Amino acid sequence: MKMKTALTIAGSDCSGGAGIQADLKTMTVNGVYAMSAITALTAQNTTGVAGILEVTPDFLKQQIDMIFDDIRPDAVKIGMVSSSALIRVIAERLRFYHAENIVVDPVMVATSGSALMKNDAVETLIDQLLPLATLVTPNIPEAQVLSGMSIETEEEMEAAARKIGDACHCAVLVKGGHNINDANDLLYTDGKLQWFYGKRIDNPNTHGTGCTLSSAIAANLAKGYPLTQSVQKAKEYISGALAAMLDLGKGSGPMNHAFMLPQE
């Protein structure tokens, strides 16, 4: 059986709700063979990030090379990358291998509020990585950083999406939440804007939602779905994972990534 494959390049979350762990669970449940190249180890849980230990650029390059040389991924999701040197290695290797279906989740701040990206890394991300992306998936605060605009209305979401997409030549999914259009996301692709309306699920446990959404989109792209359908299916998956109302941890807890599997 030929199974589609996906690679996540991101940081590890030892508490399992976000990062590599969320990505692997999401990709697996969404029907693709999941692989990972780890950019950093984090000591974190639902209440915050206590420490970050970055891998070296050379070791990250080795991980990516070993994956592409053996099991080529049909899609690549990029999550937490905290330094310019690591972003440059990822961009160079993805260009070298002509990687396809690249989804960039520009993880700058954790759900708990902890900063996860250094300032100079943001510039490198915009210059080196976003032009390679099929899709970038910023939340409102991240879209403000990437666009240099303040976003407080639907119109400003639309203007920011256009600005990021036109500057970086990629599709942009600006995620609602942060009190603007809570469950509604905006896709800008090929010069067109499209709103995806989601139902607001009253669940305070949202640790790892961004990681999970971008991984589900990457899994759908790997399976050959077009971008719009990949986003729609990923939104439905997130809604199900949130609606399962898993309640773990003392802070903003994780979702149930495997909500559709038997729980007995």
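It should be emphasised that the depicted structure is a prediction, and the values quoted were computed from it without experimental measurement.

A.B. asks: Pulling in residues and values, what's your account of the nonpolar core?
C.D. replies: Counting residues in each nonpolar core, the largest one holds 44 residues, and the members touching the most others are I9, V76, I78, I90, L94, V104 and L129. If we ignore the near neighbours within four places in the chain, the residues touching V104 are I78, L125, L129, L130, A133, L135, V136 and T137. Counting 27 residues, the second largest nonpolar core, distinct from the first, contains A171, L187, A241 and L242.

A.B. asks: Go over the sheet that holds strand β5 (residues 102-104), please, and point to the residues and values.
C.D. replies: The strand order across the open sheet built from 9 strands is β3-β2-β1-β4-β5-β6-β7-β8-β9, with neighbouring strands paired in mixed fashion. Strand pairing shows two members of the sheet lacking a second neighbour, β3 (48-54) and β9 (192-196), which therefore form its edges. In this structure, strand β1 (residues 5-13) lies alongside strand β2 (residues 33-45), joined through 9 bridges in parallel fashion. In the sheet register, T8 faces β2, and the bridge partner there is S36.

A.B. asks: Help me get a handle on the side chain of D23, residues and values and all.
C.D. replies: Within the secondary structure, D23 sits in helix α1 (residues 19-29). Polar contacts involving the side chain of D23 include one to the side chain of T8, which spans 2.6 Å. In this view, D23 contacts T8, A10, K77, C211 and S215; residues no more than four positions away in its chain are not counted.

A.B. asks: How would you sum up helix α2 (residues 57-70)? Please name residues and give values.
C.D. replies: Its 14 residues give α2 an end-to-end C-alpha distance of 20 Å, which sits within 8% of 20 Å, the value for a rise of 1.5 Å per residue. Of all the positions in α2, only L60, Q63, I64, D65, I67 and F68 are classed as buried.

A.B. asks: Please set out helix α5 (residues 140-147) residue by residue, giving values where relevant.
C.D. replies: Among all positions of α5, only I140, E142, A143, L146 and S147 are buried. Looking straight down α5, one finds that the buried residues subtend no more than 155° of arc, so they occupy a single side. N-cap assignment for α5: the residue whose side-chain oxygen lies 2.9 Å from the backbone N of E142 is N139. Positive backbone phi, approximately 70°, marks G148, located one or two places after α5.

A.B. asks: Give a detailed account of the environment of G48, specifying residues and quantitative values.
C.D. replies: In this structure, G48 sits in strand β3. Residues G48 and L246, 198 residues apart in the sequence, show an inter-C-alpha distance of 19 Å.

A.B. asks: Kindly report on the packing of aromatic side chains, identifying the contributing residues and their values.
C.D. replies: Note on aromatic pairs: each is described by the distance of the centres and the angle between the planes. Evaluation of the coordinates by the stated rule reveals 4 aromatic pairs. Ring centres 4.7 Å apart and planes at 10° place the aromatic pair F68 and Y97 in the stacked group. A residue pair is termed long-range when its members are at least 10 positions apart, and F68 in helix α2 and Y97 in the loop between α3 (84-96) and β5 qualify at 29 residues. Exposure class is identical for F68 and Y97. Each is buried. Seen from their ring centres, F96 and Y97 are 4.9 Å apart, and the 90° between their planes marks the pair as edge-to-face. Among the residues examined, Y97 registers a relative accessible area of 12% and is labelled buried. Here a set of aromatic residues connected by ring pairs shows up, and it is made of F68, F96 and Y97. Above the face of the F96 ring, R93 is positioned so that its terminal group lies 4.3 Å from the ring centre.

Parameters and conventions
- Residues numbered from 1 in each chain as written.
- Predicted model: local features only at pLDDT ≥ 70, side-chain atom pairs only at ≥ 80, totals over all residues.
- Heavy atoms only, no water.
- Core = buried A, V, L, I, M, F, W, Y, C linked by side-chain atoms within 4.5 Å.
- Buried < 20%, exposed > 50% of the residue type's maximum accessible area, 1.4 Å probe, protein only.
- Contact = heavy atoms within 4.5 Å.
- Pairing = 2+ DSSP bridges.
- Helix = DSSP H or I, 4+ residues; strand = E, 2+ residues; numbered from the N terminus.
- Polar contact = N/O pair within 3.5 Å; in protein donor to acceptor, adjacent residues only side chain to side chain.
- Expected span 1.5 Å × (residues − 1).
- Arc of directions from axis to C-beta.
- Phe/Tyr/Trp six-rings, centres within 6.5 Å; stacked < 30°, edge-to-face > 60°.
- Lys NZ or Arg CZ within 6 Å of the ring centre and 35° of its normal.

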